[in-house]
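Spelled out from the first residue to the last, the chains are:
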Amino acid sequence: MPEPREPVIALARFGFRHAGSDRPALADVTLKVRAGEYLGVFGATGAGATTLLTALDGVVPQLVRGDASGSITVLGRDPRTVPVADQARQVGLVFDDPSLVVTQASVADEVAFGLENLGVPRAEMDARIDAALRSVGLAGFEAREPATLSGGELQRLAIGCALAAGPSVLVLDEPSANLDPAGRRALYGVVRRLNREHGVTVVVADQDPTSIARDATRVVVLHEGRVAADGPPATVLGSPAALRRHGVRPTDAAAVLEALGVEAPVPTGVADVARRLAIRPGAEATPRPAAVAAMGALASARADRSDTVLDLRDVTFGYPGADRPAVAGVSLTASAGEVIGIVGANGSGKTTLGRLVNGLLRPQQGRVTVDGMDTAAHPVRSLAAHVASVFQDPAQQLFASTVADELALGPRALGLSEARIGERVRELARALELEALLARHPLRLGRAERKLVALGAVLAMRPRVLVLDEPTTGTDLRLASIIGARVCAAAGEGTALLIASHDMAFLGRVATRLVVMDAGRVVAEGPVHAVFGDVPLLALAGLEPPEATQVALAVSPRGPAPWPPVSVEEAVRVLRPAGPAGLERSEPAEDPAGLDAAPADGGSR
Amino acid sequence: MSLAASPFAYASGSSWLHRRSAVTKLAWLLAALAFSLVTFHPVPLLLVTTAAIALALSAGVGRRMGRAMRLLGPLAASVVVLQVAAPAVCSGGCIDVARMGPVTITAEALARGVAYIARLLAMESAAVVLLVTTRPADLFGALRRLHVPHPVALLLSTTMQLVPLLQRELAVVLDAQRARGMRASGVRALAPALLPVFVAAFERVGRLAIAMEARGYGASATRTSYRTDELGPADRALAVAGLAAAVGGVVAGALLWGSGSVPPLVVPPWAAVAIVGGAGLAFAGLIAAALAAAARA
Ligand SMILES: Nc1ncnc2c1ncn2[C@@H]1O[C@H](COP(=O)(O)OP(=O)(O)OP(=O)(O)O)[C@@H](O)[C@H]1O
Ligand SMILES: [Mg+2]
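Quantities reported herein were computed from a predicted structural model and do not represent experimental measurements. (Residues numbered from 1 in each chain as written. Chains lettered and ligands numbered in written order. Predicted model: local features only at pLDDT ≥ 70, side-chain atom pairs only at ≥ 80, totals over all residues. Heavy atoms only, no water.)

**Quick look at unusual backbone geometry**
Residue and element names in this part refer to chain A.
Part 1 of the argument: Cis geometry is found at the peptide bond from Val60 to Pro61, where omega equals 5 degrees.
Part 2 of the argument: Residue Glu224 is not a glycine yet carries a positive backbone phi of 45 degrees.
Part 3 of the argument: As for its placement among the helices and strands, Glu224 is situated in the loop between β8 (218–223) and β9 (226–231).
Part 4 of the argument: Among the residues examined, Glu224 registers a relative accessible area of 56% and is labelled exposed.
Part 5 of the argument: Positive phi values are uncommon outside glycine, yet Ala519 reaches one of about 50 degrees.
Part 6 of the argument: On the secondary structure map, Ala519 appears in the loop between β18 (513–518) and β19 (521–527). (Helix = DSSP H or I, 4+ residues; strand = E, 2+ residues; numbered from the N terminus. Buried < 20%, exposed > 50% of the residue type's maximum accessible area, 1.4 Å probe, protein only.)

**Digging into the coordination of the magnesium ion (ligand 2)**
All names here are of chain A.
Part 1 of the argument: Protein coordination of the magnesium ion (ligand 2) is provided by Thr351 (OG1) and Gln392 (OE1), with donor distances spanning 1.9 to 2.4 Å. With Thr351 in helix α15 (residues 350–357) and Gln392 in the loop between β15 (387–390) and α17 (403–413), the pair connects residues that are 41 residues apart, well separated along the chain.
Part 2 of the argument: Taking relative accessible area as the criterion, Thr351 reaches 28% and is therefore assigned partly exposed.
Part 3 of the argument: Given a relative accessible area of 12%, Gln392 falls into the buried group. (Donors = N, O, S within 2.8 Å, 3.2 Å for Na, K, Ca; no water.)

**Considering the sheet that holds strand β16 (residues 465–469) of chain A**
Residue and element names in this part refer to chain A.
Part 1 of the argument: In space, the 6 strands of this open sheet follow the order β15-β16-β17-β12-β18-β19, with mixed pairing throughout. What marks the edges here is a single partner per strand, and that holds for β15 and β19. This sheet shows a mean twist of 15 degrees between the axes of neighbouring strands, independent of strand direction.
Part 2 of the argument: Pairing of strand β12 (residues 339–344) with β18 involves 5 bridges; the strand directions are parallel. Residue Gly341 lies in a different strand from β18, and its bridge partner there is Leu514.
Part 3 of the argument: Of the strands in this sheet, β15 and β16 are in contact with helix α19 (residues 447–459), which crosses β15 at around 175 degrees. (Pairing = 2+ DSSP bridges. Axes fitted to C-alpha atoms, helices over the stretch in contact; angles between N-to-C directions. Contact = heavy atoms within 4.5 Å.)

**Some points on the pairing of strand β6 (residues 169–173) of chain A**
All names here are of chain A.
Part 1 of the argument: Of all 5 residues in β6, 5 are buried, a share of seventy percent or more.
Part 2 of the argument: The alternating pattern of β6 places Val169, Val171 and Asp173 on one face and Leu170 and Leu172 on the opposite face, and all of these are buried.
Part 3 of the argument: Of the pairings in the sheet, the one linking strand β5 (residues 91–94) to β6 comprises 4 bridges and is parallel in character. The partner of Val94 across the bridge, within β6, is Leu172.
Part 4 of the argument: Pairing of β6 with strand β7 (residues 201–205), which is carried by 5 bridges, proceeds in the parallel orientation. In the sheet register, Leu172 faces β7, and the bridge partner there is Val204.

**Focus on the interface of chain B and chain A**
Part 1 of the argument: Taken residue by residue, the interface counts 46 residues in chain B and 63 residues in chain A.
Part 2 of the argument: Here chain B packs against chain A, burying approximately 4,900 Å² in sum over the two surfaces, 56% of which is carbon and sulfur.
Part 3 of the argument: Looking only at chain B, the three residues that lose the most surface to chain A are Arg180, Arg215 and Tyr226 of chain B, adding up to 20% of its buried area.
Part 4 of the argument: Linking chain B with chain A are 6 salt bridges, by the criterion used here.
Part 5 of the argument: Applying the counting rule to chain B against chain A returns 14 residue pairs in polar contact (both at pLDDT 80 or more).
Part 6 of the argument: Secondary-structure elements contributing two or more residues to the side of chain B that touches chain A are α6 (136–145), α7 (150–179) and α8 (186–214) of chain B. (Buried area = accessible area lost by both parts, 1.4 Å probe. Salt bridge = Lys/Arg side-chain N within 4 Å of Asp/Glu carboxyl O. Polar contact = N/O pair within 3.5 Å; in protein donor to acceptor, adjacent residues only side chain to side chain.)

**Quick word on α6 of chain B**
Part 1 of the argument: The buried fraction of α6 of chain B amounts to 8 of the 10 residues, a majority that puts the element mostly inside the structure.
Part 2 of the argument: All of the buried residues in α6 of chain B are Pro136, Ala137, Asp138, Leu139, Phe140, Gly141, Ala142 and Leu143 of chain B.
Part 3 of the argument: Taken together, the buried residues of α6 of chain B touch α4 (107–118) of chain A together with α2 (22–38) and α7 of chain B.
Part 4 of the argument: His147 of chain B lies just past α6 of chain B and shows a positive phi near 65 degrees.

**A closer look at empty space enclosed by the protein**
Part 1 of the argument: Per the stated rule, a full pass over the model turns up 7 cavities of 30 Å³ or more.
Part 2 of the argument: Taken as a whole, the largest cavity holds about 220 Å³ of empty space.
Part 3 of the argument: Along the wall of the largest cavity there are 19 residues; nearest its centre are Leu93, Cys161 and Ala162 of chain A together with Ala214 and Arg215 of chain B.
Part 4 of the argument: Broken down by secondary-structure element, the contributors of at least two residues to the lining of the largest cavity are β5, α4 and α6 (151–164) of chain A together with α8 of chain B.
Part 5 of the argument: Per-class residue counts for the lining of the largest cavity are 15 nonpolar, 2 polar and 2 charged. (1 Å grid on protein atoms, 1.4 Å probe; cavity = no way out; pocket = protein on both sides within 12 Å on 5 of 7 lines; lining within 4 Å. Points joined across faces, edges and corners; volume = space filled by probe spheres on them. Nonpolar A, V, L, I, M, F, W, Y, C, P; charged D, E, K, R; others polar.)

**Quick word on the packing of α6 of chain B against α7 of chain B**
Residues and elements named next belong to chain B.
Part 1 of the argument: In contact at an axis separation of 8 Å, α6 and α7 are set at 165 degrees when each is read in the N-to-C sense. Taken together, the axes of α6 and α7 are roughly antiparallel relative to one another. Between α6 and α7 the crossing geometry is right-handed. Where α6 approaches α7, its residues Pro136, Ala137, Leu139, Phe140, Leu143 and Arg144 are matched on the opposing element by His150, Ala153, Leu154, Leu156, Ser157, Met160 and Gln161.
Part 2 of the argument: Partitioned by chemical class, the residues of the contact of α6 with α7 number 9 nonpolar, 3 polar and 1 charged. (Parallel < 35°, antiparallel > 145°, perpendicular 65-115°, else oblique. Left-handed = near helix turned anticlockwise from the far one by under 90°.)

So, in structure tokens, the structure goes:
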């Protein structure tokens, strides 16, 4: 690591209030970041991370209006006075919304765009574009139209664009939100290399602390616009209880250690956790069978229902001009009350599958039947009463001028009476904790809140089949648990859910069944425990199980079926040293999936 | 998903025309405009249109051009309809050539209508060739090079950049509306639904513009270009030739072809009816197509 030099970023009592908002997004932030530091920024939704990050290149307050106070200096200049476009020469900013990167006609042009703006000579461009695209895994995508990329591919492009410009300060807002596990590793690998080898100063905000915990030299936690904690990652991220108080998700590893009462947990990865667990006094080599048996309960309780509401038969779809179908020969059925997780690397066809289910795309071969209706034979609009979806990019499906109207739109289209609409809106606003936001404009909300509103809008239609595309990207602890609870409640009411997600921890908590996709095909399917337990298979598809599962597997590769545990709660329960029966649970409130359901068999492939 | 690219937006490519500097292309657009505005004579107007089409074909964007002209053609046709519907003012009496129901077609009105069509097509085809083969970002660079004030250059090129993005956003939002069970189509639905759709799309486009600035768009540094060649001797010569052509066009227009006046177009009645009827049909077709597009499920 380079010798710490003078601060490249210095904020002193910096504050910012968005125009039209009554409470500041940032207040009294004092922060110094030295050249070559790697700063992780954490905070609940709305805690001010995005405002802080976008202030570094002057977007706040130059282009996003509001009142700024205090002082801010970046690379010796006040970003409030340097034109944003000029600041871009030094500060590379990746926004939390990857679709904002789409402005050019091809992927190569998109990367070139930033280089042209900075006046990079033409002769250097090809090499830089090449290197940037390779480092984000987009080699071969040069001629693709950015508007047709998958969510994760777009995210990679946004990062590639920033990397190509070679900034001396790299600012990343939720960069891993849409990435598959392999992509996430690769991204943080690149960032680490830039930081360690090239001395690039890094500021990154991410709801997923796993990678940052390992790489950052320093971590800041924001709480309601103020700095609530500031220190080395081991100290700040090592106290899960404190993190949760600020609405920040601890790493699974730290959470497991904490729940098992291991002192001063320093989260340095799965292997380390397993080692600590193995040497802890009273450790037990094999997990307790009774605790394991309880894990399968959820899956089998749901699988009892037999009414099929969704049936895909040998479905194939290819986009015009693509060299292989995005979805190829997929067959899948879903029963009422099932929660099916769709996992797969970026571009494996998850979103396309969802669009085939809601009728926005028609299969080129095969049949999709939703609630008894062949999607090819009905207009999307009439399918909407039966199948609803939350898109990967929630901004694309919000178009009312208030959150309340947004929630009412669907029921209104279904022709419900105003009284019943009002009732549904109130009920949902309460369940999703959106009451305070009802009068706000949906598109002025943060990305994660928009996701919640979009979810509410489709839940309001009470569909038989619900397709959720990456429902938890960028969501904090609270929002993720609200979403988890709503998913389980909807399943309890008999909705079949299809959830495409890279958030393995989330799927571990809510899914009953997993479908693994690879290059458009279903390569594996089965109960959640069985699929997450098959690490080699997941690796082939560019995936890995939740961190809690990895920890449990590292402690004990084998165990009684259904092995392994797939969530922190399950891992803690089975890894806890044997003691009196009916051990108190560590986090009873955070168990939306109802893991306490009566034990039953099932859950094996 | 309806993601068809806008026919007026840049079509990526690396043809010889794509690689010409935007400065050169602007000079030639200027020449085309000079030719088309200075005269109503059919020969130069046809020449400009033909040249534009030939250029488009040579750059491999003929289809794009075709799509653009299919949209603009009917619009041009409406000029004939309007000219005929509005009685022409003729010194010394108009020459009637035909009657279509209550409407009398005069040779003067017909001539003006046809002349305007020719002029519009010439200007449109030239502009479309430029738009389709020039990246908006390069246009910004060229305008700055020509010392167009920074805000004006940025506004012009950003508008070009954002119009196709707006179109794409609209398509996406309409898709989303259908998935929510709303009538995202048909005249009945469009009235109430369209306003929020536009607001949403504009909101997104505004964010896109911010993101572009954060990537350095509009920076004070001299831009380089990925797709176009350096403004080398060949490009410079071509640009100068374009300017010369513009001047030549103005002079020739004034001296050779007569600048403003249009001689009456005396044709047999059936030809007059055919011209006006055809234009009317094209115009009606445009309206029908717009309604159908809106009603497409
Ligand atoms: N409109 C389109 N035109 C052409 N190709 C497309 C289009 N949309 C998606 N694709 C391609 O189809 C494949 C599947 O895309 P899809 O969006 O379904 O992936 P995904 O599994 O949802 O990925 P992610 O995890 O990144 O969201 C990808 O290779 C993608 O590039
Ligand atoms: Mg996707």
